[in-house]
Amino acid sequence: MRRFIAFALLTLAACKGGGDETVKPPFEGARPVTRHSSKWIAKTLEYRPAPGQFINTTCGVPEAAQRLVGGSDGMLSLGGFGGYVVFMFDHTVLNGDGPDFVVHGNSFDNSSEPGIVRVSFDDNGNGLPDDAWYELVGADHALATTVQRYHIIYSRPSQTASAEAVAWTDNNGAGEISAVNAHTQSYWPSFVDGVTADGATLSFAGTRLCGLTLQDSNGQWSCRTAGRGYVDNFSDDYSVAVGDDPDTRWSNKFDISDAVDAYGRPVALQGVDFIMVYTAVNEQMGELGEASTEVRGAISLTVRP
């Protein structure tokens, strides 16, 4: 694995008398920015949601994952804990000063459903997200309530023609994603790859943020804001624009310099090619259903407006 220890700026020079370009990549293996590059997502590579109340609806099917491409402002539900999406831009996102990319969710005050970001560089150059992944550490990673190396296994319900609770087991016990009156379709994502041979279970692992949901004396549920560094999270920088790009308002901002390996050790990356977002909470809120991260799109700050 290459160790990236310095940041080099991309240089771009247009060839005289023609429409082609001569591009000097910023470092070995990086995909350069050209005059045709877009700041928006170029490709959705994988969508593997956990069970949830929005799965098998218009925002919880593979077609919804593809609608994240470009600036179309799609909406994708990742389901319960661990459900994820992987996407890429048409260039390597460079690690510069401050935020390097943003991800749009649909959070608002008292309604956050935080997701965690992982990043990867295409070290083997095959265009596939099969290299090492690194997690971007958010502000709540250090809390005593946060569970590192959390594992969950969902069990297929007895039928998938209509809504039925989905049971799960985790590091500490068992529970369920309950069926709610508002959503009557099946919550089980039978379209995903990676289920066991008999289609009976679906498993995920990652970092779990805990204790975010609250029920007040009137029985009303809310999901409080986590600190900075999470998707679909109404953090204190959510409404701020970065990089002189107004499209980055109402988004969560991410710095590649926050990357750590599986042991929590900082990793110096000059850039990344693949971005994963996964639901980081396992919370049930009565008839509001489970907390599930939603993604509406993303912007690379390597491409300036």
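Keep in mind that this is a model prediction, so the values were computed, not measured. (Residues numbered from 1 in each chain as written. Predicted model: local features only at pLDDT ≥ 70, side-chain atom pairs only at ≥ 80, totals over all residues. Heavy atoms only, no water.)

> Provide a residue-level description of the side chain of K253, including the pertinent values.
By secondary structure assignment, the location of K253 is in strand β15 (residues 252-254). Lacking a salt bridge, the buried K253 has D237 as its closest oppositely charged neighbour, with an N-O distance of 5.3 Å. Reaching out from K253, the side chain makes a polar contact with the backbone oxygen of V240 at a distance of 2.7 Å. Separated by 3.5 Å, the side chain of K253 and the backbone oxygen of T248 make a polar contact. Ignoring anything within four residues of it in the chain, the contact list for K253 reads P99, F101, V102, D237, Y238, S239, V240, V242 and T248. (Helix = DSSP H or I, 4+ residues; strand = E, 2+ residues; numbered from the N terminus. Buried < 20%, exposed > 50% of the residue type's maximum accessible area, 1.4 Å probe, protein only. Lys, Arg positive; Asp, Glu negative; His and termini not counted. Salt bridge = Lys/Arg side-chain N within 4 Å of Asp/Glu carboxyl O. Polar contact = N/O pair within 3.5 Å; in protein donor to acceptor, adjacent residues only side chain to side chain. Contact = heavy atoms within 4.5 Å.)

> Run through unusual backbone geometry, naming residues and quoting values.
Unusually for a residue other than glycine, D232 sits at a positive phi of about 55°. Tracing the backbone shows D232 in the loop between β14 (221-223) and β15. For D232, a relative accessible area of 0% translates into the label buried. Phi is positive for W250, close to 55°, though the residue is something other than glycine. Mapped onto the elements of the fold, W250 is located in the loop between β14 and β15.

> Can you lay out the environment of A226 for me, pointing to particular residues and giving the numbers?
Looking at where A226 falls in the secondary structure, it is placed in the loop between β14 and β15. A residue is classified by how much of its surface remains accessible, and A226, at 6% relative accessible area, is buried. Once the C-alpha coordinates of A226 and H141 are considered, the two residues, 85 residues apart in sequence, prove to be 9.9 Å apart. Not counting residues up to four positions away in its chain, the partners in contact with A226 are P114, D140, N233 and S235.

Just distances and angles here, no functional claims.
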